[in-house]
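Close look at the chain arrangement
The chain contents come next:
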Amino acid sequence: MQLTSKLSEKKYDVVIVGGGIVGLASAYAAVKKGLSVALVERESQNKDASVRNFGFVTVSGQQSGAHWQRAMHTRNIWADIAPKAGIEVEHSGLHMLIQRPEAMDIAEAFLQTEMGASCRLLTQAEIAENTPYLKDGLGVLYSPHELRVESKTAIGKLANWLSRAHGVDFYNKTTVHSIELPIVHTSRGTLQAEHCVVCPGTDLHSLYPETLAQAKAKLCTLNMMRVMPKKAFKLNAAVMSDLSFARYDGFAQLPEAQKLISLLDNIQSAERKAGVHLIVVQSADGSLIIGDSHDYNDRELPFRDVRVDDLIINEFHQVMDIGEIDIVQHWLGVYPSGDNVVFKASPEKGVVVGSVTSGTGASTGFAFGEELIHLVLESK
Ligand SMILES: Cc1cc2nc3c(=O)[nH]c(=O)nc-3n(C[C@H](O)[C@H](O)[C@H](O)COP(=O)(O)OP(=O)(O)OC[C@H]3O[C@@H](n4cnc5c(N)ncnc54)[C@H](O)[C@@H]3O)c2cc1C
């Protein structure tokens, strides 16, 4: 990446605050409109949700309506720019193992919706051929839309490409302290901007705290793991299970979901209380990222509860038939979780703040970035 050490004296059309996926996506939306862009990130590179996630660009399961549309649009942008930015798509599609009749009811209802139009239940022959590593179940719901990128490298590659191919100036190790357009005050001096888009992730207190308070966001902490199967195998698509039908809005908000939710609240109460469900994705070296859990608080939690990891591992073995695994990494991730799936507002002329408040930024960020740029251009 072209790291700009000295702050430029030129006046940018847009200064973006925050180098997570939402900030990068907003930068991309701005350069596509022919605007000059600077991006300011306080770390040497993002170390938060955007690199701690699964890199799972999920469409099926997103809340129906506008958010599902955001996900579909974002997925198409990832597919377009990934090869240009040198980002590998590790695998595509989603297999949801259906373990209970109540989950089959949801899958069948989902297939009747607009969201299910390109999805289907696999035949027994397809299950045997495409998902030999899944435990026996009542069926497998297949969605073709999903993509999996390796976030820990993809975010850096995306930033590099925005710099190299689109002329975005990156000011890293630089914190934005306040904005008084056309001046943006940073820890290393000032920048000049016509517009400013603030994408602060979980930092809801530093810039425009009153505006961000309107998102009514809690901070959600997730347990995540990387595991290495003892016997190598290739995952053909991301995997989820019954607990995901009960968790993801696109399924869980269907009227047919109530029976499964009540059942799981009863028979997997520990998992449901800890917000555990299963996502499995694979990296190029054969390792799997597995998770996750959801613990909602007023602040970021520094401590990891290993009993929650056990619940995730246990669910993993209920779904995956791949024998023993070694846990090679543990980490926590945090995202803001609000009343609505996204939050955007203009606290003053020429400034917009935006946050994905539903833990779905990798899946919806590019569409949301376009919305933020549209809003900031209108706010002048
Ligand atoms: C464990 C985990 C798993 C997830 N899995 C998925 C998934 O598979 N699919 C999916 O779609 N979503 C997933 N999500 C959600 C997704 O990762 C987030 O929605 C998304 O990364 C949020 O991006 P962001 O840019 O808003 O925030 P962040 O990644 O938090 O980035 C914000 C950036 O802003 C910078 N910043 C803040 N304030 C300032 C300032 N004043 N000056 C300069 N810089 C500043 C920070 O340093 C940071 O780099 C997951 C989240 C977590 C935590």
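Cut-offs used in this document
Residues numbered from 1 in each chain as written. Predicted model: local features only at pLDDT ≥ 70, side-chain atom pairs only at ≥ 80, totals over all residues. Heavy atoms only, no water. Salt bridge = Lys/Arg side-chain N within 4 Å of Asp/Glu carboxyl O. Buried < 20%, exposed > 50% of the residue type's maximum accessible area, 1.4 Å probe, protein only. Helix = DSSP H or I, 4+ residues; strand = E, 2+ residues; numbered from the N terminus. Pairing = 2+ DSSP bridges. Axes fitted to C-alpha atoms, helices over the stretch in contact; angles between N-to-C directions. Parallel < 35°, antiparallel > 145°, perpendicular 65-115°, else oblique. Contact = heavy atoms within 4.5 Å. Nonpolar A, V, L, I, M, F, W, Y, C, P; charged D, E, K, R; others polar. Domains from an automatic or database assignment. Buried area = accessible area lost by both parts, 1.4 Å probe. Disulfide = S-S within 2.5 Å. Left-handed = near helix turned anticlockwise from the far one by under 90°. Near = heavy atom within 4 Å. Polar contact = N/O pair within 3.5 Å; in protein donor to acceptor, adjacent residues only side chain to side chain. Areas by Shrake-Rupley, 256 points an atom, 1.4 Å probe, with all protein chains shown as cover. 1 Å grid on protein atoms, 1.4 Å probe; cavity = no way out; pocket = protein on both sides within 12 Å on 5 of 7 lines; lining within 4 Å. Points joined across faces, edges and corners; volume = space filled by probe spheres on them.

1. Topic: the pattern of salt bridges
In the structure shown here, the tally under the stated rule is 17 salt bridges. Its salt-bridge partner being Asp48, residue Lys47 comes within 3.5 Å of it at the nearest N-O pair. The class of Lys47 is partly exposed, set by a relative accessible area of 41%. Residues participating in the shared-partner salt-bridge network are Arg70, Lys344 and Glu371.

2. Section: unusual backbone geometry
With an omega of 10°, the peptide bond running from Leu181 to Pro182 counts as cis. When you line up the elements, Pro182 lands in the loop between strand E8 (176-180) and strand E9 (183-186). Even without a glycine there, the phi angle at Lys173 is positive, about 50°. For Lys173, a relative accessible area of 60% puts it in the exposed group.

3. Re the pairing of strand E6 (residues 139-148)
A large share of E6 lies buried, amounting to 8 of its 10 residues. Note that strand E3 (residues 56-57) and E6 share 2 bridges and pair antiparallel. Its bridge partner lying in E6, Phe56 is registered against Arg148. With 7 bridges connecting them, strand E4 (residues 91-98) and E6 associate as antiparallel partners. Opposite Met96, over in E6, you have Leu141 as the bridge partner. With 2 bridges connecting them, strand E5 (residues 120-121) and E6 associate as antiparallel partners.

4. Considerations on the packing of helix H3 (residues 66-85) against helix H6 (residues 151-166)
Packing of H3 against H6 brings their axes to within 10 Å, and their N-to-C directions diverge by 80°. Considering their axes alone, H3 and H6 lie roughly perpendicular with respect to each other. Contact with H3, carried on its side by Trp78, Ile81, Lys84 and Ala85, involves Lys157, Leu158, Trp161 and Arg164 of H6 and no other residues of that element. By residue class, the composition of the contact of H3 with H6 is 5 nonpolar, no polar and 3 charged.

5. As for the domain arrangement of the protein chain
When its domains are assigned, the protein chain resolves into domain 1 (11-50 + 152-215 + 339-378) and domain 2 (93-148 + 217-338). The distance between the C-alpha centroids of domain 1 and domain 2 comes to 30 Å. Listed as interface residues are 14 residues of domain 1 and, on the opposing side, 9 residues of domain 2. Taken over both partners, the interface formed by domain 1 and domain 2 buries close to 860 Å², and the fraction arising from carbon and sulfur atoms is 60%. A per-residue breakdown of the area domain 1 buries against domain 2 is headed by Thr202, Leu204 and Thr357, which together make up 44% of the total. Remark: the boundary between domain 1 and domain 2 carries 0 salt bridges. Those elements that place two or more of their residues in the side of domain 1 that touches domain 2 are strand E16 (325-348) and strand E17 (351-358). Counting residues per element, the side of domain 1 that touches domain 2 draws most heavily on E17, at 4 residues. Residues of the side of domain 1 that touches domain 2, tallied by class, amount to 5 nonpolar, 7 polar and 2 charged.

6. Considerations on the state of the cysteines
Each disulfide consists of one covalent bond between the sulfur atoms belonging to two cysteines. A complete count under the given rule lists 0 disulfides for this structure. Free cysteine Cys199: the closest other cysteine sulfur is in Cys196, separated by 8.9 Å.

7. Remarks on the packing of helix H4 (residues 101-111) against helix H10 (residues 258-267)
Relative orientation of the contacting elements H4 and H10 amounts to 150°, with a least axis distance of 8 Å. If you check the angle between H4 and H10, you find them roughly antiparallel. Judged by the twist between their axes, the crossing of H4 over H10 is left-handed. The residues of H10 that touch H4, namely those facing Glu102, Ala103 and Ile106, are Lys259, Leu260 and Leu263. Its residues assigned to classes, the contact of H4 with H10 shows 4 nonpolar, no polar and 2 charged.

8. Regarding the site of the ligand
Lining the immediate environment of the ligand, one finds 36 residues, of which Glu41, Ser50, Phe56, Gly361 and Ser363 sit closest. Between the ligand and Asn53, the relevant distance is 3.0 Å, taken from an oxygen atom to a side-chain nitrogen or oxygen of the residue. Between an oxygen atom of the ligand and a main-chain N or O atom of Ala362, the distance comes to 3.1 Å. Calculation on the ligand without its partners gives an accessible area of 1,000 Å², and the protein chains cover 98% of this total. Secondary-structure elements contributing two or more residues to the shell around the ligand are helix H1 (21-32), helix H2 (49-52), strand E11 (218-229), E16 and helix H13 (361-378). Here the shell around the ligand is built from residues that sort into 16 nonpolar, 15 polar and 5 charged. Residues from two domains meet in the shell around the ligand; each of domain 1 (11-50 + 152-215 + 339-378) and domain 2 (93-148 + 217-338) gives at least three.

9. Description of empty space enclosed by the protein
Rolled over the atoms, a probe with the dimensions of a water molecule shows which regions are left empty. This model, assessed by the stated rule, comprises 2 cavities of 30 Å³ or more. By volume, the largest cavity is sized at about 90 Å³. Along its surface, the largest cavity is lined by 12 residues, and Gly19, Gln45, Asn46, Ala159 and Asn172 are the ones closest to its centre. Counting residues per element, the lining of the largest cavity draws most heavily on H6, at 3 residues. For the lining of the largest cavity, the class distribution of residues is 6 nonpolar, 5 polar and 1 charged. Its volume calculated, the second largest cavity comes out at about 40 Å³.

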